[in-house]
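Structural overview
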Amino acid sequence: MLDKGYKLLQHAGKRLSGPAVLSRLRDSAVVRPGFLSAVEEEMLSRELELELRRRHYEYGHWDAAIHGFRETGKACWTAASRAILQRVQAAAFGPNQTLLSSVHLLDLEPRGYIKPHVDSVKFCGDTIAGLSLLSPSVMRLVHTQEPGEWLELLLEPGSLYILRGSARYDFSQEILRDEESYFGDRPVAQGRHISVICGSLPGIHIYFLNIIYHTTPSNKVPFLWNSSPSFNLSFIVKIQGFILLLLCSLDMLFLAQM
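In this report, the structure presented in the accompanying data block is examined.

A few points about the overall build of the chain
On a plain count of helices and strands, the chain comes out with eight helices and 12 strands. In the chain, which comprises 258 residues, the proportion classed as buried is 45%. Intrachain contacts of the chain at a sequence separation of at least 6 include 79% that bridge at least 24 residues. Approximately 13,300 Å² of the chain is accessible, and the part contributed by carbon and sulfur atoms is 60%.

Okay, structure coming up:
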């Protein structure tokens, strides 16, 4: 029974250390190959190039986690790209989750890599979802307390990966450098790799918004993922809408001056 499950997960773009990880991360670390068509991937890559070409590749990150990268946030999208992001939201996030208004773009050069890290809860909530563009890469998840438990995800161009729950909080994540980039016995030659990363709103942000709006800390949990038209959620959505409009206006102004 275990062998059958192991082969199924390998076929779905996963390799893992054993049954404990299979049980723990079956629904917490997901890869959906072919989420984008070739046409959609090319269209999205062209749009992102307008954002990324303004920046230079960096070789030192503020927390030393990334090498050979450039990154930015993007809040203003074409209609076709918005439709793709809506599909990502439907596939990866629950109806009661509020998404960050800005999408994180991370561009790794061919020899770029990401060291093991756990994303801070200050910047993102329970769920992270990323589209992979241009070239394949291998993401490795390792349990922070039990390093013998690991999972590898093959991120092919056009695929969508989803990390939530235990995969988000209990496992470090990394993108292997080119000389270490193998999926089993198969070498995965890395070229330039772009990730389009969506995340849910972290609870700490809602906590501080509740304080600003004179609600008590004890009220923050019911409002955390509540999609009902409550006063708090309405306020958060308005703030996100204002920031989105401001970023779009600045983006269009910059493009008009190019």
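After that view of the structure, there is still more to cover.
Thoughts on the nonpolar core
Within the largest apolar cluster, 25 residues are counted, with the highest numbers of intra-cluster contacts made by M139, L141, L151, Y161 and L163. Secondary structure elements with two or more residues in this core: α2 (19–25), β2 (29–32), β3 (66–74), β4 (103–117), β6 (137–143), β7 (150–155), β8 (160–164) and β9 (171–175). In this structure, L48, L52, F93 and C198 belong to the second largest nonpolar core, which totals 23 residues.

Thoughts on unusual backbone geometry
Of note, L134 is a non-glycine position whose phi angle comes to about 80 degrees, a positive value. Among the secondary structure elements, L134 is positioned in the loop between β5 (127–133) and β6.

Regarding the environment of S81
Note that S81 resides in helix α4 (residues 79–92). It is 9.9 Å that separates the C-alpha atoms of S81 and E41, two residues lying 40 residues apart in sequence. Residues contacting S81, with those up to four places away along its chain left out, are M43, L44 and E47.

Section: the side chain of T72
Tracing the backbone shows T72 in strand β3. With sequence-adjacent residues up to four places away left out, T72 is seen in contact with E51, L52, R55, V103, H104 and L105.

Overview of helix α3 (residues 38–52)
The terminal C-alpha atoms of α3 lie 20 Å apart, and with 15 residues this matches the ideal 21 Å at 1.5 Å per residue to within 8%. For α3, every residue scored as buried is listed here: E41, M43, L44, S45, E47, L48, E51 and L52.

Conventions adopted
Residues numbered from 1 in each chain as written. Predicted model: local features only at pLDDT ≥ 70, side-chain atom pairs only at ≥ 80, totals over all residues. Heavy atoms only, no water. Helix = DSSP H or I, 4+ residues; strand = E, 2+ residues; numbered from the N terminus. Buried < 20%, exposed > 50% of the residue type's maximum accessible area, 1.4 Å probe, protein only. Contact = heavy atoms within 4.5 Å. Areas by Shrake-Rupley, 256 points an atom, 1.4 Å probe, with all protein chains shown as cover. Core = buried A, V, L, I, M, F, W, Y, C linked by side-chain atoms within 4.5 Å. Expected span 1.5 Å × (residues − 1).

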